[in-house]
Amino acid sequence: MRVIVVGAGVLGSMHAWQAVERGHEVVHLERESEARGASVRNFGLIWVSGRAAGPELATALRARELWERIGEQVPALGFRANGSLTAVRTEAELAVAEQALTLPDAADRGYRLLDPEEARAANPALRGKLLGALHCSRDAAVEPRTAQPALRAALAASGRYTFLPGREVREVTGEHAVRDDHGDTHTGDLVILCTGAWTGGLVRELAPALPVRRVRLQMMQTDPLGETLTTSVADGDSFRYYPAFAGTALEQLKAVQPQPPVAAEHKMQLLMVQRKDGGLTIGDTHEYDQPFGFDVDEDPYEHLAAVAEDLLGRPLPRIRRRWAGVYAQCTDTTRVVHREQLRDGVWLVTGPGGRGMTCSPAIAETTAELANL
């Protein structure tokens, strides 16, 4: 088969990967010269620990297996099974971590509650005051800024992959064909649209009632830390954000430990992961009301820096980059992704939200199975 994939973010790249792996030919179109959206403006986290029980967790666990397998084939992805520590600094946060251990799927997530000494043994860079940490051995990381080019290079080596950047698809024409803004028509046996947060234009025409919203986040990156952050790190506010931690202990946490005003206003948690160059990617915020601002607010960065420094017990290196990103999320947040067959041989796949980097390999695998690739 000849498969036309539109969109070269991580979701589109993984759909291309699935098609080539199954022996098919892929023509891959991207409107930019390189993917510039949420796929490169994220932590690179393969984040299993907080996923909701049921289909979301199953998808994340399958994706984690696939990421590791693909990472062995494509070392340039920078895949590393580094796990994560959710730092616990108050008794209320400790209670949430303890309740997480009672989940029926706690073992599948790789949960283990560490005391302060064990937490520092697992990640010596955490020198701040801790009551402990929830360890998740199933979490992992890749390099988001280089993942898509690395995947494309491996796909090109197959001889069955063509990447066409700078091509904005304007129309789905006839059976299994698209027309781009150069006036060229690309015909195949299957079209898969993975357009990310681009929900206007062609996407609106094809799916006017698309049940997806856009979410904006702010993040930053530091100069090299000068030491190894052996795990990814989250703070106790992440318990509020991830559905796995819902329960009586979380409700008590919310009652007795409100977030600082800046964190509450910007719907914040701290996530921190070290890049291959030693720098730290730190975030994030969540903004849902559109239109989004064209600029970024400084208060969230100050809050994130203070929390990170508290956990590390030292000043952060110089902040060298700040950015905002926008991703597409299903309005029903219990859904992992919106996957819709628009017509015979034409599929739209979008809306994984903050789960896109984590779940993309498994999402693409399911699409391939449904489309009989």
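Residue numbering note: each chain is counted from 1, following its sequence as written. Reporting of local features is limited, given that this is a predicted model, to residues whose pLDDT is at least 70; pairs of side-chain atoms are given and counted only at 80 or more, and all residues count toward the totals for whole chains, interfaces and linings. Side-chain measures were taken over the full set of non-hydrogen atoms in the model, leaving aside hydrogen atoms and water.

**Student:** Would you explain the sheet that holds strand E9 (residues 169-173) in this entry?
**Tutor:** Working definition: the strands of a sheet are paired by backbone hydrogen bonds and lie parallel or antiparallel to each other. With antiparallel pairing, three strands are arranged side by side in an open sheet as E9-E10-E11. At either end of the open sheet lies a strand with only one pairing partner, and these are E9 and strand E11 (185-187). Taking each pair of neighbouring strands and ignoring which way they run, the sheet shows an average axis angle of 25 degrees. Pairing between strands is defined by DSSP: at least two bridges between the two strands are required. Runs of E in the DSSP output that reach at least two residues are strands. Runs of H or I that reach at least four are helices, and both are numbered from the N terminus. Between N-to-C directions, angles span 0 to 180 degrees; the directions come from axes that are lines fitted to C-alpha atoms, helices contributing only their stretch in contact.

**Student:** Which parts of the structure should I look at to understand a negative patch on the surface?
**Tutor:** Residues Glu-265, Asp-295, Asp-297, Asp-299 and Glu-302 make up a contiguous surface patch of negative charge. Relative accessibility under 20% of the residue-type maximum defines a buried residue, over 50% an exposed one, and the middle range a partly exposed one, all with a 1.4 Å probe and only protein chains included. Take Glu-265: its relative accessible area is 58%, and that puts it in the exposed class. Exposure above 30% relative accessible area and the lack of any salt bridge qualify a residue for a patch; like charges then connect within 9 Å, and the nonpolar side chains Val, Leu, Ile, Met, Phe, Trp and Tyr within 5 Å. For the accessible areas, the method is Shrake-Rupley and the probe is 1.4 Å, while residue cover comes only from the protein chains on display. We define a salt bridge as a side-chain nitrogen of Lys or Arg found within 4 Å of a carboxyl oxygen belonging to Asp or Glu. By the counting rule applied here, Lys and Arg register as positive and Asp and Glu as negative, while His and the ends of each chain are not counted. We put the charge of a Lys on NZ, of an Arg on CZ, of an Asp on CG and of a Glu on CD.

**Student:** Is there a simple way to think about the pattern of salt bridges in this case?
**Tutor:** Should the charged atoms of two oppositely charged side chains come close, the side chains can pair. One pass over the full model with this rule turns up 23 salt bridges. Between Glu-34 and Arg-152 there is a salt bridge, with the nearest N and O atoms lying 2.6 Å from each other. In this pair, Glu-34 sits in the loop between strand E2 (25-30) and strand E3 (45-46) while Arg-152 sits in helix H6 (residues 144-156), placing the two residues 118 residues apart along the sequence. A salt bridge links Glu-227 to Arg-127, with the shortest nitrogen-to-oxygen separation between them at 2.8 Å. One end of the pair, Glu-227, is in the loop between strand E13 (212-222) and strand E14 (232-234); the other, Arg-127, is in the loop between helix H5 (116-122) and strand E6 (132-136), and 100 residues separate them in sequence. By relative accessible area, which is 22% here, Glu-227 ends up partly exposed. Under the relative-accessibility criterion, Arg-127 is labelled partly exposed at 47%.

**Student:** When you look at the side chain of Thr-59 in this model, what are you seeing that I'm missing?
**Tutor:** Position of Thr-59 among the secondary structure elements: in helix H2 (residues 55-73). By definition in these notes, contact holds between two residues if any of their heavy atoms fall within 4.5 Å. What Thr-59 contacts, discounting residues up to four positions off in sequence, is Val-336, Cys-359, Ala-362 and Ile-363.

**Student:** I would appreciate a short explanation of the pairing of strand E18 (residues 338-343) in the present structure.
**Tutor:** Remark: a regular strand shows side chains that alternate across the two faces of the sheet. Pairing of E18 with strand E19 (residues 346-350) involves five bridges; the strand directions are antiparallel. Residue pairing in the sheet places Glu-340 in a bridge with Leu-348 of E19. Between E18 and E19, which follow one another and run antiparallel, lie two residues, and Gly-345 among them has a positive phi close to 80 degrees.

**Student:** Just checking my understanding: could you explain the nonpolar core for this structure?
**Tutor:** A general feature of soluble globular proteins is that nonpolar side chains tend to end up buried together. Remark: nonpolar core denotes a set of buried residues (Ala, Val, Leu, Ile, Met, Phe, Trp, Tyr, Cys) joined through side-chain atoms within 4.5 Å. Counting 44 residues, the largest nonpolar core has Val-3, Val-26, Trp-67 and Leu-77 as its most contacted members. Residue assignment for this core shows that the elements contributing at least two residues are strand E1 (2-6), helix H1 (10-21), H2, H6, strand E12 (190-193), E19 and helix H12 (356-370). Residue contacts for Leu-77: discarding those within four places in its chain leaves Trp-67, Ile-70, Gly-71, Val-142, Glu-143, Ala-147, Ala-150 and Leu-151. Grouped together as the second largest cluster of nonpolar side chains are 29 residues, Leu-45, Ala-106, Leu-271 and Trp-323 included.

**Student:** So what exactly am I meant to see when it comes to H1 here?
**Tutor:** An α-helix turns once every 3.6 residues. As a result, residues three or four positions apart point the same way. Its 12 residues give H1 an end-to-end C-alpha distance of 16 Å, which sits within 8% of 16 Å, the value for a rise of 1.5 Å per residue. Among the 12 residues that make up H1, 11 are buried, leaving the element largely enclosed by the rest of the structure. The complete set of buried residues in H1 reads Val-10, Leu-11, Gly-12, Ser-13, Met-14, His-15, Ala-16, Trp-17, Gln-18, Ala-19 and Val-20. Take the number of residues in a helix, subtract one, and multiply by 1.5 Å to get its expected span.

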